[in-house]
Amino acid sequence: MPLGILGARSVWTYANPAIAGVLSGGDPALLVGKSCHETMPPTDAGFVARTNTPDAADIERIEVSVAGNRVHRLSSCRVLDTDGNYMGRLIIGVDVTDSMEVIRTLRLASSI
């Protein structure tokens, strides 16, 4: 499952190989230390940066990944330190391409 942690300045502080595979070809070292603006499409990076604030609610959104035409559901939640200070966001992605294709096919079939 793709997951990573963006620091308070929208810089990747952790990335597992799965999220690195979606954003940078599979090497987490290519993400860590870079901003979301350097590693994501502009629309996605803008959304992530705007929601990377202490008062932003936990979110879920469907986005098209950089890897092509795969669709990922991105979920995000705040990361706090032991004193409750905002540290950044945990980003989790789930590939929902096949599920969405089944739904699209069923809708087309029901309209015939």
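Residues numbered from 1 in each chain as written. Predicted model: local features only at pLDDT ≥ 70, side-chain atom pairs only at ≥ 80, totals over all residues. Heavy atoms only, no water.

Peer 1: Can you help me understand the pattern of salt bridges in this one?
Peer 2: When charged atoms on two side chains of opposite charge get close, those side chains can pair. Applying the stated criterion across every chain yields a total of three salt bridges. Between D58 and R89 there is a salt bridge; the shortest N-O distance is 3.9 Å. Here R89 lies in strand β5 (residues 86-95) and D58 lies in the loop between α3 (42-51) and β3 (59-64), a separation of 31 residues in the sequence. Residue class for D58 comes out partly exposed when judged on its relative accessible area of 47%. Its salt-bridge partner being E101, residue R104 comes within 2.7 Å of it at the nearest N-O pair. Pair noted here: R104 and E101 are both in helix α4 (residues 97-110), with a separation of three residues, about one helical turn. With a relative accessible area of 37%, E101 lands in the partly exposed category. Here the salt bridges share partners, and the residues they tie into one network are D58, R78 and R89. (Salt bridge = Lys/Arg side-chain N within 4 Å of Asp/Glu carboxyl O. Helix = DSSP H or I, 4+ residues; strand = E, 2+ residues; numbered from the N terminus. Buried < 20%, exposed > 50% of the residue type's maximum accessible area, 1.4 Å probe, protein only.)

Peer 1: Is there a simple way to explain the nonpolar core in this structure?
Peer 2: Across soluble globular proteins, you tend to see nonpolar side chains buried next to one another. W12, I19, L23, L31 and M40 are the most contacted members of the largest nonpolar core, which has 14 residues in total. Those elements that place two or more of their residues in this core are β2 (12-15), α1 (17-24) and α3. Ranked by residue count, the leading element in this core is α1, at four residues. (Core = buried A, V, L, I, M, F, W, Y, C linked by side-chain atoms within 4.5 Å.)

Peer 1: Looking at this model, I keep getting lost on unusual backbone geometry. Mind explaining?
Peer 2: Among all residues save glycine, negative phi is the norm, and among peptide bonds the norm is trans. Even without a glycine there, the phi angle at S10 is positive, about 60 degrees. Turning to its location among the elements, S10 is positioned in the loop between β1 (3-7) and β2. Taking the relative accessible area as the measure of exposure, S10 reaches 6% and is therefore buried.

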